[in-house]
Amino acid sequence: MGNQWGLGLHFVFVTIFLVATPKTCLGAQNTTVACFEHERQALLKFKQSVKDVSHMLSSWVGNDCCRWEGVKCNFLTGNVGSLHLRGGGWFHKQECLVSNEVSTSLGELRHLKYLDLSMNDFQESRIPKFIGSLKELTYLNLSYAKFSGIIPHHIGNLSNLITLDLSSNDYNENLLIIHDMAWISGLSSLEHLNLSWVNLRGAKNLDMVLYMIPLLKELWLLGCGLSNVNLGALQNVSTSLSNIKHLNLARNSFKGQLPHFFQNMSSLQFLDLSLSFDPSPTWNFASLLIMIPSLLELRLSYSNLKQTHLSYNLHNLTTLSNIQHLDLSYNELMGPIPTFPEKLTELYLSGNYLNGSITDSLSLRKLRLLQVLHLSFNELAGPISTLPNKLTELYLSVGPFSRRITNLNLVIQTY
């Protein structure tokens, strides 16, 4: 009997709880937490510090900054968590924010996790040091915002950062500079790093970019003024670089043999050395594919490649290489179309001196998975009849080609 009475009280309590709880929960879901006043004032100070021709910040009025365009708040605390203020490019000033500095008021947004000021015009001012105090940041994008000078080492305090994009916007002057990369070791959570067009010519501790960021998956060092001298300290390093999947080294100045650290990149899938690599006569394309068997996409356009660099015959190359996308355009390749790994789905050979018949090319017949083929500006001849069955895109410059195509899905663009 006592147990029944206890069960009865329990049932009444549970009933009251179930009746009351929906009202409480629903009430919490429907209530929007207004932003804090000091954060609202900080945003207004930032607004006052910029010239906003495109009215990007026109919604920044009223008491609740969480409702302003480009501003997102934590729905539980009301703290500003994200600022999405990407402009339209500093060369289109009517579409971006213009200022001679980033207002220090943004330093009041201590709970900021996402900050995007890219494609605005900060008129060659310095990247502010206070950004290093926003320690909850996981995403920071200051690319193409016309910053200049030395990148502050304070950014190394952002240990929660997953994405960092500091790519510069001046292809000729390399306005942003790094003298010492030691601060990069503080970015222990970083997975995506873009330093394209940042001047790294005299940077110390450059090896830390590769070896001191354990989770790094994507690295852009396009146009950084790098050469064999910069990477000399890395030649004999045997540390595994197992996480890097995407590496862009285009528009630098590497000559001779490629650095040995490539053989430690066991997960590398994308490598761009376009306008960057001038190989020695003894260098061979096949050896690179063997060195990095995980490679899926390789770009070597404008690399002074000659037929001898591709002449090495390796019967097992198709089994040792997983390469699917290959760009060898605008080199000095002569003669018939070379033999390539059979797993290719995209092949770019425009701007060479290749000759002979496209149809008679034994290489093309073996590329059964090929979908995209660029052969423009060569000395190839027709007619075009039998081509890989999966081919859907073929680029040819104007020439003596027959239009008889056996593949109905094939699209030909001539120019």
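Residues numbered from 1 in each chain as written. Predicted model: local features only at pLDDT ≥ 70, side-chain atom pairs only at ≥ 80, totals over all residues. Heavy atoms only, no water.

J.: Which residues make up the overall build of the protein chain, and what are the values?
T.: Within the protein chain one finds six helices and 24 strands. Here the protein chain holds 415 residues, and the buried ones make up 50% of them. For the protein chain, contacts bridging at least 24 residues in sequence account for 63% of all contacts bridging at least 6. Counting every atom, the protein chain has about 20,400 Å² of accessible surface; 54% of that belongs to carbon and sulfur. (Helix = DSSP H or I, 4+ residues; strand = E, 2+ residues; numbered from the N terminus. Buried < 20%, exposed > 50% of the residue type's maximum accessible area, 1.4 Å probe, protein only. Contact = heavy atoms within 4.5 Å. Areas by Shrake-Rupley, 256 points an atom, 1.4 Å probe, with all protein chains shown as cover.)

J.: Which residues make up the UniProt feature "domain: Leucine-rich repeat-containing N-terminal plant-type" (unreviewed entry) in the protein chain, and what values go with them?
T.: Look at the UniProt record and you will see "domain: Leucine-rich repeat-containing N-terminal plant-type" (unreviewed entry) annotated at residues 38–74. From the first C-alpha to the last, residues 38–74 spans 15 Å; its make-up is 32% helix and 14% strand. (UniProt positions renumbered as here; feature names shortened; annotations may be inferred.)

J.: Describe a nonpolar patch on the surface, naming the residues involved and giving the relevant values.
T.: A cluster of nonpolar side chains, namely Leu 275, Tyr 302, Tyr 330 and Phe 377, defines an oily patch on the protein surface of about 380 Å² accessible area. Looking at the secondary structure, you find Leu 275 in the loop between strand 14 (270–272) and strand 15 (277–279). (Patch = residues over 30% accessible without salt bridge, like charges linked within 9 Å, V, L, I, M, F, W, Y side chains within 5 Å. Salt bridge = Lys/Arg side-chain N within 4 Å of Asp/Glu carboxyl O.)

J.: I'd like a rundown of the pattern of salt bridges, residues and numbers included.
T.: A full pass over the atoms with the stated rule returns six salt bridges. We note a salt bridge from Glu 136 to Lys 113, for which the minimum N-O separation is 3.4 Å. Of this pair, Glu 136 sits in the loop between strand 5 (114–116) and strand 6 (139–141) while Lys 113 sits in the loop between strand 4 (97–98) and strand 5, placing them 23 residues apart in sequence. Residue Glu 191 pairs with Lys 217 through a salt bridge whose shortest N-O separation is 3.8 Å. Here Glu 191, found in the loop between strand 9 (176–177) and strand 10 (192–194), pairs with Lys 217, found in the loop between helix 3 (208–211) and strand 11 (218–220); they are 26 residues apart in sequence, far enough to count as distant.

J.: Tell me about the side chain of Ser 329, and please be specific about residues and values.
T.: Assignment of secondary structure puts Ser 329 in the loop between strand 17 (325–327) and strand 18 (334–335). Taking relative accessible area as the criterion, Ser 329 reaches 8% and is therefore assigned buried.

J.: With reference to specific residues and values, describe helix 2 (residues 37–49).
T.: Look at helix 2: 18 Å from first C-alpha to last across 13 residues, which is about the 18 Å you get at 1.5 Å a residue. Within helix 2, burial applies to Glu 39, Arg 40, Ala 42, Leu 43, Leu 44 and Phe 46. Where helix 2 is buried, its residues contact strand 2 (71–73), strand 3 (80–84) and strand 4. (Expected span 1.5 Å × (residues − 1).)

J.: Could you give me a rundown of the confidence of the model for the protein chain, with the residues and numbers involved?
T.: Across the protein chain, the average pLDDT comes to 83, with 80% of residues at or above 70. Long-range and interchain partners of residues 1–31, a stretch whose pLDDT sits below 50, account for two contacts in this model, where long-range means more than four residues apart. (pLDDT = per-residue confidence, 0-100.)

J.: Account for the environment of Leu 396, with residues named and values stated.
T.: With respect to the helices and strands, Leu 396 occurs in strand 23 (residues 393–396). Overall, the relative accessible area of 1% leaves Leu 396 in the buried class. Between the C-alpha atom of Leu 396 and that of Asn 378, which follows or precedes it by 18 residues, the distance is 8.6 Å.

J.: Requested: an account of the state of the cysteines, with residues and values cited.
T.: Here the structure, examined in full by the defined rule, presents two disulfides. Across the disulfide, Cys 35 is cross-linked to Cys 65 (sulfur-sulfur distance 2.2 Å). Note that Cys 35 is positioned in the loop between helix 1 (2–30) and helix 2 and Cys 65 in the loop between strand 1 (51–52) and strand 2, a separation of 30 residues in sequence. Just as Cys 35 is buried, Cys 65 falls in that class too. Between the sulfur atoms of Cys 66 and its disulfide partner Cys 73 the distance amounts to 2.2 Å. Every disulfide takes its handedness from the sign of the S-S torsion; for Cys 66 and Cys 73 that torsion is -95°, giving left-handed. By relative accessible area, which is 17% here, Cys 66 ends up buried. (Disulfide = S-S within 2.5 Å.)

J.: So what's going on with the packing of aromatic side chains? Which residues, and what values?
T.: For the coordinates displayed, the defined rule picks out six aromatic pairs. Ring centres of Phe 46 and Trp 60 lie 6.4 Å apart, and the angle between their planes is 40°; this geometry places the pair in the tilted category. Highlighted residues: Phe 46 in helix 2 and Trp 60 in the loop between strand 1 and strand 2, separated in sequence by 14 residues. Note on accessibility: Phe 46 and Trp 60 belong to one class, buried. Judged by centre distance (5.1 Å) and plane angle (80°), the ring pair of Phe 277 and Trp 283 falls under edge-to-face. (Phe/Tyr/Trp six-rings, centres within 6.5 Å; stacked < 30°, edge-to-face > 60°.)

J.: Go over the sheet that holds strand 20 (residues 353–357) with me, naming the residues and quoting the values.
T.: Taking strand neighbours across the sheet as the criterion, the three strands line up as 18-20-22 in an open arrangement whose pairing is parallel. This sheet does not close on itself; its edge strands, each paired only once, are strand 18 and strand 22 (379–381). As defined by bridge partners, strand 20 adjoins strand 22 across three bridges and the pair is classed as parallel. By the bridge assignment for strand 22, Gly 356 is matched with Leu 380. (Pairing = 2+ DSSP bridges.)

J.: Would you mind going over the side chain of Ser 363 in detail, with residue names and values included?
T.: Of note, Ser 363 is situated in helix 6 (residues 362–366). The exposure class assigned to Ser 363 is buried, which follows from its relative accessible area of 5%. Each residue touching Ser 363, except ones within four places of it in the same chain, is listed here: Ile 337, Pro 338, Thr 339 and Phe 340.

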